[in-house]
Amino acid sequence: VEKRTPGEPGPGEVLVRPHYVGVCGTDLDIIRGELDPAYVRYPLVLGHEWSGRVLVTGNGVEGLNAGDPVVVEGVLACGKCPACRAGRTNLCDNYDELGFTVDGAAGPAVSVPAHLVHRLAPEVPLEAGALVEPGAVVLRGLLEMAMVPGLRVLIIGDGTVALLAALLVRMWSPAVVVMAGRRPEQEALASQAGVQEFTVGSPPERAYDLVVEAA
């Protein structure tokens, strides 16, 4: 463990002070040294799902000011490979990633390219902003599906990603959302997220149009 002192942002960069940082299962894998070495570089500051406020903006940065509440994309794409040129920066061939290959948000501040910084709406709490990254993962998966109203949806799992899936799938007005989890105490949260049926263990045996595996 060592102290880190954040430097000044370079041209086109923004220095952000983290306020809320989520801890996901992948972070625990990194701590235990169990993540595939192709995706992590040590020593490392964790933190890839987070929110904070702008501290300082570098030269040439417009539209962001000190104190702005923000979230930050985690993939630092190269911008040059075929995937990047097609706009699919999440599939970049030569990327870095906050909290994996470069220092993340579980420290005093993070310098990031300004185009990856997004201001939160005033009514969105910073605490909720920390869920934007996992929420974006779920939404991207749903957008890959042929979503239509009236689907019978089964969500396997009862953690953060499963709850976000239940919440976001409501945008397509499903006929029913069923969650098969492991923890009875998650039922109240699941209900708030839009789950109509919550089971512990095996889900009800019936036909489903969409199954989200979030375990």
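The structure presented is a predicted model; accordingly, all values stated were derived computationally and were not measured.

J.: I'd love a proper account of unusual backbone geometry, names of residues and values included.
T.: Omega for the bond connecting Tyr42 with Pro43 falls within 30 degrees of zero, at -5°, which places this linkage in the cis form. Within the chain, Ser173 stands out as a residue other than glycine whose phi angle is a positive 50°.

J.: Kindly report on the side chain of Thr199, identifying the contributing residues and their values.
T.: Note on placement: Thr199 falls in strand S10 (residues 197-200). Beyond its immediate stretch of four places on either side in the chain, Thr199 contacts Met179, Ala180, Gly181 and Pro204.

J.: Explain the nonpolar core to me, and be specific about the residues and the numbers.
T.: In this structure, Leu142, Ile155 and Met179 are the most contacted members of the largest nonpolar core, which totals 23 residues. Elements that contribute at least two residues to this core include exactly helix H4 (132-143), strand S8 (152-156), helix H5 (160-169), strand S9 (176-181), helix H6 (187-193) and strand S11 (210-213). Top contributing element to this core by residue count: H5, with 7 residues. Filtering out sequence-adjacent residues up to four positions away, Met179 remains in contact with Ile155, Gly157, Asp158, Ala162, Leu163, Ala166, Ala190, Val195, Glu197, Phe198 and Thr199. Within the second largest apolar cluster, 15 residues are counted, among which are Trp50, Leu64, Val112 and Ala114.

J.: Give me the lowdown on the sheet that holds strand S2 (residues 50-57), citing residues and values where you can.
T.: If you trace the 5 strands from one edge of the open sheet to the other, you get S6-S1-S2-S3-S7, paired in antiparallel fashion. At either margin of the open sheet sits one strand with a lone partner, and together these are strand S6 (110-113) and strand S7 (117-119). Taken over all neighbouring pairs, the strand axes of this sheet differ in orientation by 50° on average, direction set aside. Bridge count for strand S3 (residues 69-72) against S7 is 3 bridges, and the pairing is antiparallel. Of the residues in S7, the one forming a bridge with Val72 is Val117.

Procedures and definitions
- Per chain, the residues get numbers from 1 upward, laid out in the order the sequence is written.
- Given that the model is predicted, a residue must reach a pLDDT of at least 70 before its local features are reported, and side-chain atom pairs must reach 80 or more before they are shown or counted; all residues, however, enter totals for whole chains, interfaces and linings.
- Side-chain figures throughout are based on the complete set of non-hydrogen atoms in the structure, without hydrogens or water.
- Secondary structure elements are defined from DSSP: runs of H or I of at least 4 residues count as helices, runs of E of at least 2 residues count as strands, and each element is numbered from the N terminus.
- Whether two residues are in contact is decided by their heavy atoms, any of which lying within 4.5 Å being enough.
- The criterion is simple. A nonpolar core is a set of buried Ala, Val, Leu, Ile, Met, Phe, Trp, Tyr and Cys residues joined through side-chain atoms within 4.5 Å.
- Relative accessibility under 20% of the residue-type maximum defines a buried residue, over 50% an exposed one, and the middle range a partly exposed one, all with a 1.4 Å probe and only protein chains included.
- In this analysis, strands are considered paired if DSSP registers two or more bridges between them.
- Axis lines are fitted to C-alpha atoms, over the contacting stretch for helices. Their N-to-C directions set the angle, which ranges from 0 to 180 degrees.

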